[in-house]
Amino acid sequence: MFYLFKILSKFSIEKLYVFSDFIYYIVYYFFSYRKEIIEKNLKKVFPNKPQKIKKIRKNFYRHFINIIFETIKLLDFSEQNLKKRIHIINPEILTSLKKNKKPIIIISGHYANWEWLLAYICFFWKKNIYAIYKPLTNKFFDTLILKIRTKFGAKMLEKKYAGKFILKNSKKENIYFILADQVPENLNNVHKSSFLKLTTSFSTGVERLSLKINATVFYADMKKIKKGIYSIELHKISNNITENYIKKLEKTILKAPENWLWSHNRWKR
């Protein structure tokens, strides 16, 4: 089955978008992937706005299927391909970070195309970049996504081992890439805040680790300009890291809510 994805990745991205539109039609009108969770989340965030919810839900499905094909395309993409499709708003920060002598934590969310974001970070810095991840239940897709994520040099660090590894290597100039917008697993270390007008729990792991290893923390604000074209802007977070991250992520989402991962059961507890 891997060869099927490899063959798909050889198609031009324009042709993959044609496939994407076809799959979107099936998923949206017939299959309704995670429809109940998506509907529940949108109703919580946008109560009494049925037309807005319908529009966001429809555009979310289209975007979600697009990024699946964009992620498959990474199997074939080169650094030059990504450079043509991703624009850095503040490249001077990226350049200055190459001289950084401390650990760096780049924190973002499941927004726009987080797989392309990781790939870009990897080929730009070409340092020890560790992406924190939770293994997928399906072994085949877990292996596939690991292959895609490591193509540009990322080292995958399983979430349950991440804390000990980061502390053990606190003196090294490693870069850690963390998507911190999903439900925290450890409810003993959470910060509750208003997020999208709902009381929401977030893990304080990034904040606690950054203080222990004296890391420089940046929020990666990735936006979708149009299909297959993205921008990235890095924002340094110097204090109240968890709360400031929440506010920055919320601001990003509200500008184009269809590009966030609404299929995640974010408010299940």
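See the structure printed just above.
The present account deals with the structure reproduced in this document. Everything quoted here is computed from the prediction, not taken from an experiment.

## Quick word on the overall build of the chain
Thinking step 1. When its secondary structure is counted, the chain shows eleven helices and nine strands.
Thinking step 2. By the compact-globule yardstick of 18 Å for 269 residues, the chain fits well, its C-alpha radius of gyration being 18 Å.
Thinking step 3. Taking the principal axes of its C-alpha atoms as reference, the chain extends roughly 50 × 45 × 35 Å.
Thinking step 4. Going through the 269 residues of the chain one by one, you find that 50% of them count as buried.
Thinking step 5. Across the chain, contacts joining residues at least 24 apart in sequence account for 78% of those joining residues at least 6 apart.
Thinking step 6. Accessible surface computed for the chain: about 14,000 Å², of which carbon and sulfur atoms make up 55%.

## With respect to the nonpolar core
Thinking step 1. Counting residues in hydrophobic clusters, the biggest one holds 87 residues, and the most contacted among them are L82, W116, W125, F195, Y245 and W262.
Thinking step 2. With ten residues, the top contributor of residues to this core is helix α7 (residues 114–125).

## A look at a positive patch on the surface
Thinking step 1. Taken together, K49, K52, K55 and K197 make up a surface patch of like positive charges.
Thinking step 2. By secondary structure assignment, the location of K52 is in helix α4 (residues 50–73).

## A look at a nonpolar patch on the surface
Thinking step 1. A cluster of nonpolar side chains, namely F22, I23, Y25, I26, Y29, F30 and F31, defines an oily patch on the protein surface of about 760 Å² accessible area.
Thinking step 2. Mapped onto the secondary structure, Y25 falls in helix α2 (residues 13–31).
Thinking step 3. Of the residues examined, Y25 reaches a relative accessible area of 45% and is grouped as partly exposed.

## A look at the sheet that holds strand β2 (residues 104–108)
Within a sheet, adjacent strands bond to each other through the backbone by hydrogen bonds, running parallel or antiparallel.
Thinking step 1. Here we have seven strands laid out as an open sheet, ordered β1-β9-β8-β2-β5-β3-β4, and mixed in their pairing. What marks the edges here is a single partner per strand, and that holds for β1 (86–88) and β4 (155–158). Sheet twist, expressed as the mean angle between neighbouring strand axes with direction ignored, is 30°.
Thinking step 2. Relative to strand β9 (residues 229–237), strand β8 (residues 216–226) runs antiparallel, the two sharing nine bridges. The partner of K223 across the bridge, within β9, is S231.
Thinking step 3. Strand contacts of helix α9 (residues 159–168): β3 (129–133), β4 and β5 (175–179), with the helix running at about 105° to β4, the strand carrying the most contacts.

## A short note on the pairing of β3
Successive side chains on a regular strand alternate, one facing one side of the sheet and the next facing the other.
Thinking step 1. Among the five residues of β3, four are classified as buried, and the element is accordingly described as predominantly covered.
Thinking step 2. Of the pairings in the sheet, the one linking β3 to β5 comprises three bridges and is parallel in character. If you follow Y130 over to β5, its bridge partner there is Y176.
Thinking step 3. Crossover connection from β3 via helix α8 (residues 139–150) to parallel β4: handedness right-handed.

## Some points on the packing of α2 against α4
Packed helix pairs are characterised by how far apart their axes lie and by the angle those axes make with each other.
Thinking step 1. The interhelical angle for the contact between α2 and α4, taken along N-to-C directions, is 140°, at an axis separation of 9 Å. The pairing of α2 with α4 is recorded here as oblique in orientation. Crossing handedness for the pair α2 and α4: right-handed. Contacts between α2 and α4 involve I13, L16, Y17, F19, S20, D21, I23, Y24, V27, Y28 and Y29 from the former and K54, R57, K58, Y61, R62, I65, N66, F69, E70 and K73 from the latter.
Thinking step 2. For the contact of α2 with α4, the per-class residue count stands at twelve nonpolar, two polar and seven charged.

## Brief notes about the packing of aromatic side chains
Thinking step 1. For the coordinates displayed, the defined rule picks out 28 aromatic pairs.
Thinking step 2. On the numbers, 5.4 Å between centres and 70° between planes, the contact of Y28 with Y61 is edge-to-face. One end of the pair, Y28, is in helix α2; the other, Y61, is in helix α4, and 33 residues separate them in sequence. Side by side, Y28 and Y61 carry an identical accessibility label, which is buried.
Thinking step 3. Here W260 and W267 contribute two aromatic rings whose centre-to-centre distance is 6.2 Å and whose plane-to-plane angle is 65°, an arrangement assigned as edge-to-face.
Thinking step 4. Overall, the relative accessible area of 12% leaves W267 in the buried class.

Parameters and conventions
- Residues numbered from 1 in each chain as written.
- Predicted model: local features only at pLDDT ≥ 70, side-chain atom pairs only at ≥ 80, totals over all residues.
- Heavy atoms only, no water.
- Helix = DSSP H or I, 4+ residues; strand = E, 2+ residues; numbered from the N terminus.
- Rg over C-alpha atoms; globule rule 2.2 N^0.38 Å.
- Buried < 20%, exposed > 50% of the residue type's maximum accessible area, 1.4 Å probe, protein only.
- Contact = heavy atoms within 4.5 Å.
- Areas by Shrake-Rupley, 256 points an atom, 1.4 Å probe, with all protein chains shown as cover.
- Core = buried A, V, L, I, M, F, W, Y, C linked by side-chain atoms within 4.5 Å.
- Patch = residues over 30% accessible without salt bridge, like charges linked within 9 Å, V, L, I, M, F, W, Y side chains within 5 Å.
- Salt bridge = Lys/Arg side-chain N within 4 Å of Asp/Glu carboxyl O.
- Lys, Arg positive; Asp, Glu negative; His and termini not counted.
- Charge placed at Lys NZ, Arg CZ, Asp CG, Glu CD.
- Pairing = 2+ DSSP bridges.
- Axes fitted to C-alpha atoms, helices over the stretch in contact; angles between N-to-C directions.
- Right-handed = clockwise from strand over helix to strand, strands pointing away.
- Parallel < 35°, antiparallel > 145°, perpendicular 65-115°, else oblique.
- Left-handed = near helix turned anticlockwise from the far one by under 90°.
- Nonpolar A, V, L, I, M, F, W, Y, C, P; charged D, E, K, R; others polar.
- Phe/Tyr/Trp six-rings, centres within 6.5 Å; stacked < 30°, edge-to-face > 60°.

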